[in-house]
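Each chain, written out:
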Amino acid sequence: MLLFFTLGLLIHFVFFASIFDIYFTSPLVHGMTPQFTPLPPPARRLVLFVADGLRADALYKLDENGNSRAPFIRNIIMHEGSWGISHTRVPTESRPGHVALIAGFYEDVSAVAKGWKENPVEFDSLFNESKYTWSWGSPDILPMFAKGASGDHVYTYSYDAKREDFGAQDATKLDMWVFDNVKRKQLTHYLNIDVCTDSKDVVLDFFHRARNNQSLFSKINEEKIVFFLHLLGIDTNGHAHRPSSRDYKDNIKKVDDGVKEIVSMFNHFYGNDGKTTFIFTSDHGMTDWGSHGAGHPSETLTPLVTWGAGIKYPQRVLAQQFDDAFLKEWRLENWKRLDVNQADIAPLMTSLIGVPFPLNSVGILPVDYLNNTDLFKAESMFTNAVQILEQFKVKMTQKKEVTLPFLFTPFKLLSDSKQFNILRKARSYIKHRKFDEVVSLCKELIHLALKGLSYYHTYDRFFLGVNVVIGFVGWISYASLLIIKSHSNLIKGVSKEVKKPSHLLPCSFVAIGILVAFFLLIQACPWTYYVYGLLPVPIWYAVLREFQVIQDLVASVLTYPLSHFVGYLLAFTLGIEVLVLSFFYRYMLTAGLTALAAWPFLTRLWTRAKVTSLSWTFFSLLLAVFPLMPVVGRKPDISLVMGAGLLVLLLSLCVVTSLMKRKDGFIKEELLVHLLQVLSTVLSMYVVYSTQSSLLRKQGLPLMNQIISWATLASSLVVPLLSSPVLFQRLFSILLSLMSTYLLLSTGYEALFPLVLSCLMFVWINIEQETLQQSGVCCKQKLTSIQFSHNIDITQFRQLYLDDIRRAFFLVFFLVTAFFGTGNIASINSFDLASVYCFLTVFSPFVMGALMMWKILIPFVLVMCAFEAVQLTTQLSSKSLFLIVLVISDIMALHFFFLVKDYGSWLDIGTSISHYVIVMSMTIFLVFLNGLAQLLTTKKLRLCGKPKSHFM
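Residues numbered from 1 in each chain as written. Predicted model: local features only at pLDDT ≥ 70, side-chain atom pairs only at ≥ 80, totals over all residues. Heavy atoms only, no water.

**Student:** Looking at this structure, how should I read the overall build of the protein chain?
**Tutor:** Summing up its helical and strand segments, the protein chain has 37 helices and ten strands in all. Expressed as a percentage of its 952 residues, the buried residues of the protein chain come to 57%. Roughly 40800 Å² of accessible area belongs to the protein chain as shown, and the carbon and sulfur atoms make up 62% of that amount. (Helix = DSSP H or I, 4+ residues; strand = E, 2+ residues; numbered from the N terminus. Buried < 20%, exposed > 50% of the residue type's maximum accessible area, 1.4 Å probe, protein only. Areas by Shrake-Rupley, 256 points an atom, 1.4 Å probe, with all protein chains shown as cover.)

**Student:** So what exactly am I meant to see when it comes to the packing of aromatic side chains here?
**Tutor:** Aromatic ring pairs are reported here in terms of the distance separating the ring centres and the angle at which the planes meet. According to the stated counting rule, one finds 54 aromatic pairs in the structure shown. Consider the rings of Phe 227 and Phe 266, whose centres lie 4.8 Å apart with planes at 75°: the pair is edge-to-face. Linking Phe 227 in strand β5 (residues 225–231) with Phe 266 in helix α13 (residues 246–269), this pair joins segments that are 39 residues apart in sequence. Relative accessible area serves as the criterion here: at 0%, Phe 266 is assigned to the buried category. Three or more aromatic residues joined by ring pairs make a cluster, and in this case those are Phe 72, Tyr 132, Trp 134, Tyr 155, Phe 217, Phe 227, Phe 266, Phe 269, Tyr 270, Phe 278 and Trp 307. Sitting over the ring of Tyr 270, Arg 45 keeps its end group 3.6 Å from the ring centre. Against the face of Phe 810 rests Arg 806, its NZ or CZ located 4.9 Å from the ring centre. (Phe/Tyr/Trp six-rings, centres within 6.5 Å; stacked < 30°, edge-to-face > 60°. Lys NZ or Arg CZ within 6 Å of the ring centre and 35° of its normal.)

**Student:** Where do I start with the confidence of the model for the protein chain in this structure?
**Tutor:** Model confidence for the protein chain is summarised by a mean pLDDT of 84, while 86% of its residues fall at 70 or above. Considering only residues more than four positions removed or in separate chains, one finds that residues 946–952, a stretch of pLDDT under 50, has 13 contacts. (pLDDT = per-residue confidence, 0-100. Contact = heavy atoms within 4.5 Å.)

**Student:** Just to check I follow, could you spell out the sheet that holds strand β8 (residues 340–341) for this structure?
**Tutor:** Hydrogen bonding along the main chain pairs the strands of a sheet, whether they run parallel or antiparallel. A sheet is described by the order of its strands in space; here eight strands give the open sequence β4-β3-β5-β1-β6-β7-β2-β8, paired in mixed fashion. Lying at the two open borders of the sheet, with one neighbouring strand each, are β4 (154–158) and β8. Of the strands in this sheet, β3 (132–137), β4 and β5 touch helix α8 (residues 173–183), which is tilted by about 155° from β5. (Pairing = 2+ DSSP bridges. Axes fitted to C-alpha atoms, helices over the stretch in contact; angles between N-to-C directions.)

**Student:** Would you mind going over the side chain of Lys 855 with me for this structure?
**Tutor:** As for its placement among the helices and strands, Lys 855 is situated in helix α35 (residues 845–873). Ignoring any residue separated from it by four or fewer positions in sequence, one finds Lys 855 in contact with Val 632, Tyr 742, Leu 745, Ser 746, Glu 750 and Ser 835.

**Student:** I would appreciate a short explanation of a nonpolar patch on the surface in the present structure.
**Tutor:** On the surface, a cluster of nonpolar side chains totalling about 580 Å² of accessible area is made up of Leu 581, Phe 584, Tyr 585, Tyr 587, Leu 628 and Leu 899. Looking at the element boundaries, Leu 628 is found in the loop between α28 (610–623) and α29 (638–660). (Patch = residues over 30% accessible without salt bridge, like charges linked within 9 Å, V, L, I, M, F, W, Y side chains within 5 Å. Salt bridge = Lys/Arg side-chain N within 4 Å of Asp/Glu carboxyl O.)

**Student:** Would you explain the nonpolar core in this entry?
**Tutor:** Burial of nonpolar side chains together is a common tendency in soluble globular proteins. Phe 15, Trp 616, Trp 764, Phe 814, Met 892 and Tyr 916 are the most contacted members of the largest nonpolar core, which totals 144 residues. Looking at this core, the element that brings in the most residues is α35, giving 17 residues. Sequence-distant contacts of Tyr 916, that is, excluding residues within four places in its chain, are made with Phe 15, Ser 18, Ile 19, Val 468, Phe 472, Ala 893, Phe 896, Phe 897 and Val 900. Listed in part, the 65 residues of the second largest apolar core include Met 144, Phe 392, Cys 442 and Ile 446. (Core = buried A, V, L, I, M, F, W, Y, C linked by side-chain atoms within 4.5 Å.)

**Student:** Can you help me understand the packing of helix α25 (residues 562–582) against helix α36 (residues 878–899) in this one?
**Tutor:** Pairs of packed helices are described in terms of their axes, by the angle between the two and the distance that separates them. Contact geometry for α25 and α36: axes closest at 10 Å, N-to-C directions at 55°. By the angle between their axes, α25 is oblique relative to α36. Between α25 and α36 the crossing geometry is right-handed. Contact residues: α25 offers Phe 572, Ile 576, Glu 577, Leu 579 and Val 580, while α36 offers Ile 888, Ile 891, Met 892, His 895, Phe 896 and Leu 899. Its residues assigned to classes, the contact of α25 with α36 shows nine nonpolar, one polar and one charged. (Parallel < 35°, antiparallel > 145°, perpendicular 65-115°, else oblique. Left-handed = near helix turned anticlockwise from the far one by under 90°. Nonpolar A, V, L, I, M, F, W, Y, C, P; charged D, E, K, R; others polar.)

**Student:** Whenever I open this one, the pattern of salt bridges confuses me. Can you help?
**Tutor:** Where charged atoms of side chains with opposite charge meet at close range, the side chains can pair. Counted under the stated rule, the structure contains 22 salt bridges. With its nearest N and O atoms 3.0 Å apart, the salt bridge here joins Arg 337 to Asp 324. With Arg 337 in the loop between α15 (326–330) and β8 and Asp 324 in the loop between β7 (301–308) and α15, this residue pair connects regions lying 13 residues apart in the sequence. Take Arg 337: its relative accessible area is 4%, and that puts it in the buried class. On the basis of relative accessible area, Asp 324 is assigned to the partly exposed category, the value being 29%. Three or more residues joined by partner-sharing salt bridges are found here, namely Glu 768, Asp 803, Asp 804, Arg 806 and Arg 807.

**Student:** Would you take a moment to explain the environment of Pro 506 for this structure?
**Tutor:** Position of Pro 506 relative to the elements: it lies in helix α21 (residues 504–522). Each C-alpha atom of the pair Pro 506 and Arg 545 lies 9.3 Å from the other, and the pair is 39 residues apart in sequence.

**Student:** Explanation requested: the packing of helix α34 (residues 802–820) against α35 in the structure shown.
**Tutor:** Contact pair α34 / α35: the axes reach a minimum separation of 8 Å and the direction vectors enclose 160°. Looking at the two axes, α34 sits roughly antiparallel to α35. Crossing handedness for the pair α34 and α35: right-handed. Along the contact surface, α34 presents Leu 811, Phe 814, Leu 815, Ala 818 and Phe 819, while α35 presents Ile 856, Pro 859, Phe 860, Val 863, Met 864 and Phe 867.

**Student:** Is there a simple way to think about the pairing of β5 in this case?
**Tutor:** The side chains of a regular strand alternate between the sheet's two faces. Counting buried positions over the seven residues of β5 gives seven, a clear majority of the element. Burial of β5 is two-sided: the residues Ile 225, Phe 227, Leu 229 and Leu 231 facing one way and the residues Val 226, Phe 228 and His 230 facing the other way are all buried. Relative to β5, β3 runs parallel, the two sharing five bridges. Each bridged residue has a counterpart across the sheet, and for Tyr 132 the counterpart in β5 is Ile 225.

**Student:** What is the right way to read the environment of Phe 601 from this model?
**Tutor:** Tracing the chain through its elements places Phe 601 in the loop between α26 (587–598) and α27 (605–608). Here the alpha-carbon distance between Phe 601 and Thr 617, two residues 16 residues apart in the chain, equals 9.3 Å.

**Student:** Honestly, unusual backbone geometry in this entry has me stumped. Any pointers?
**Tutor:** The bulk of non-glycine residues show a negative phi, and the bulk of peptide bonds are trans. One non-glycine residue, Arg 331, adopts positive backbone phi at about 60°. You can see Arg 331 is positioned in the loop between α15 and β8. Judged by relative accessible area, which is 51%, Arg 331 ranks as exposed. With a phi angle near 55°, Ala 524 is a residue other than glycine that sits in the positive phi range. Considering the arrangement of structural elements, one finds Ala 524 in the loop between α21 and α22 (527–534).

**Student:** Would you mind showing me how to read helix α24 (residues 547–559) here?
**Tutor:** It helps to recall that an α-helix has 3.6 residues per turn; residues three or four apart then point in one direction. Helix length check: α24, at 13 residues, gives a terminal C-alpha distance of 19 Å against a target of 18 Å (1.5 Å per residue), a fit within 8%. For α24, the set of buried residues is Val 549, Leu 553 and Ser 556. Looking down the long axis of α24, one finds its buried residues gathered within 70° of arc, a one-sided arrangement. Lining the buried residues of α24 we find α20 (461–487). (Expected span 1.5 Å × (residues − 1). Arc of directions from axis to C-beta.)

**Student:** Can you help me understand the environment of Ala 850 in this one?
**Tutor:** Locating Ala 850 in the fold gives a position in helix α35. In this structure, the C-alpha to C-alpha distance between Ala 850 and Val 836, residues 14 residues apart in sequence, is 10.0 Å.

**Student:** Looking at this structure, how should I read the pairing of β3?
**Tutor:** β3 sits mainly inside the fold: six of its six residues count as buried. Residues Tyr 132, Trp 134 and Trp 136 line one face of β3 and the alternating positions Thr 133, Ser 135 and Gly 137 line the opposite face, and both faces are buried. Here five bridges tie β3 to β4, and the two strands are oriented parallel to one another. Paired with Ser 135 across the bridge in β4 is Thr 156.

Rendered as structure tokens:
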């Protein structure tokens, strides 16, 4: 069995890793020829303002008095430039948003496996193609574009990461730092002056000092230069205070004032030469509850305002046709709105200053923004089409070189002859001044090239997918046969000894393996392809070695009544489908829990144990309420957290009181353990309340609160080990310790979730012993006397019954409920950063992510500990039940593998992939969490080595 679990873990790791080779490979290609418009550009320089986390409606909508929160930007829309909505794509995060803006391509999905702060693959960008770029802002964004730039022409100036504090007094200081340092900080690079940005005595105006520094002066008067101002204050205030807060709205006003000042400085320095283009936009929006990452319109709709050289002036219109009511709501119905996709902004900026298009850009030039000749628009559009076509041709060549000629299937919609004809026709249209036809034809070519890029990017997906599915089915079949053969009485006539197979079977599989390896070798496939292609061979060999078991299983099943077998099969299938649907619709968990509530009344349990049955029904229905609640973080309520803490204290009091009434006395160590847990709960409640009050007063996170929070977290896994190994005492101790940490990580109703879940788990342990007695299996010990122990008598283990499949299904159902009961963890924006504010407020994505992951795992651990108790009380081997759970999880994973999408919206694609990853992760980490649960339930630490004394 040790060998089986080791191999099973390895096989599941391969299945898990396969998703990265199939769906998470980088779409970027290299080796293209740079393309640029041959005509003179309208601008010499570009100034890009990116207000991080700014929603479109927050900027465009008038306040309650009918005034704009950004009067300068509003004036630009009405009198100087063009405006619209920039539609972003999921994930709506800062890194992919800025990459789309500046490099022109959407999320590089290979970043999922390689990190979030920097793009894992080198890429071209507007900054790299520029003559010089100066940038100011967050240390999380700027280095990404400087790192991949060729040469030394991208200058970055960032503040210390510690400034990104969600509990700080005023996050607008981040934006003020940027505006101030555009004038001051940059001089240190050229003049070697130690600049104090807070000094009021020395004002080092960037443009004034540039006149006295020939090197700097000549550089900022070059053509094709970019100034980038990354403004993080709005995003930070949105996370800390929500977009509806006064802090968020006031930050918009300060950004507007800062933009106005910077624009005035640029115009003054360059003598109003009319060669500067200004673009104001955002990388992503933000939900009402202060998060982003998913596809809600508040996250994907961002503002775009452009003005200056090469940009159309405002266009007055009588009516506009859009599917939304924003124009009337924002009172902008008479100013032409020009919407774009976020990646379209990159080709717009490159055409304005005349630099080559970023090599990996997939954006389509929005020609309606350009104020230039029709010839310039046509030439720019033609260049855009050739630049994307270059990517298609490189991608096709790469795939053709590693595929056998007779197996290679080219993209038929864009053959070589069609490429030539479209380009020739476009050139002819330009020659005959049919510029509208050129734009239309180039857009058609771009769409075909993008389809072709997707085609070649997913070229191997079918082959890899078939291999993984074959391996999946083989593994599920083998695990099922192992359960039936080794852990059940279903096949009584089959010998447990492994029969020696004939020589024909292994020889056949060796031949198949050689053929697969040779096929992959001649196609120069990566080494991972060998793993996916060859793994099904030994798996199916192991399955077919059990051919006698398969024959006897079929014969045994035929002896059962058909209705009995079909009923179990339908119930099992329905249960699996409910679990799968719950990943898409949380309310399916409510339906499942409601069905579980009625379960005792459909059996004889109601007649044997009325109180236990009613308790099961009550807590099942109570838990069924949580999936109907809003996702965690959308409606924070500290009073509910305080209420959950009071319930924990009440539960602690009940436990202490009941234990002190025991006739065999009460151990001093046990009393000390519960007192520590009571103290920990009280401190957690205090920290939650005081931290909330401090943040509301904008005084930041108190140091003492931070120390207590981390100490509570560190002790939550140690304190339970000091308690008695008696089943219920140890489970109560685990619950009370983990609840102290969970309170610190809660912002609302979710603080009650582990309590209700644990109550149902305690009832589950009782009800399973009742079902065992009902089935005629003798239970030698009462629940109150059973102890967790490392040394379990394996002679007490019994064989599996059909009812044990139900027990395993209950475990999987409760695990899924633990995952999705209070939110959808398949979506990034289900997390609320406010839940970690008791631990830290300075932005640290990995620490914050780890804390939020532990919050998710706490209910998971509680379920696993209860499952340990179920195994102990029902006299089942953990190996046998775990095998059933493994099969159920793998069937679900196979469902999600088929449900993975490579079409539709980016949100649909990303969510479908994350579902598969979640199920596979659950299967893999189930082994480790099972080990953690065993540690928490069986390990016993002693405070001292002296003999124990008792109170009578």
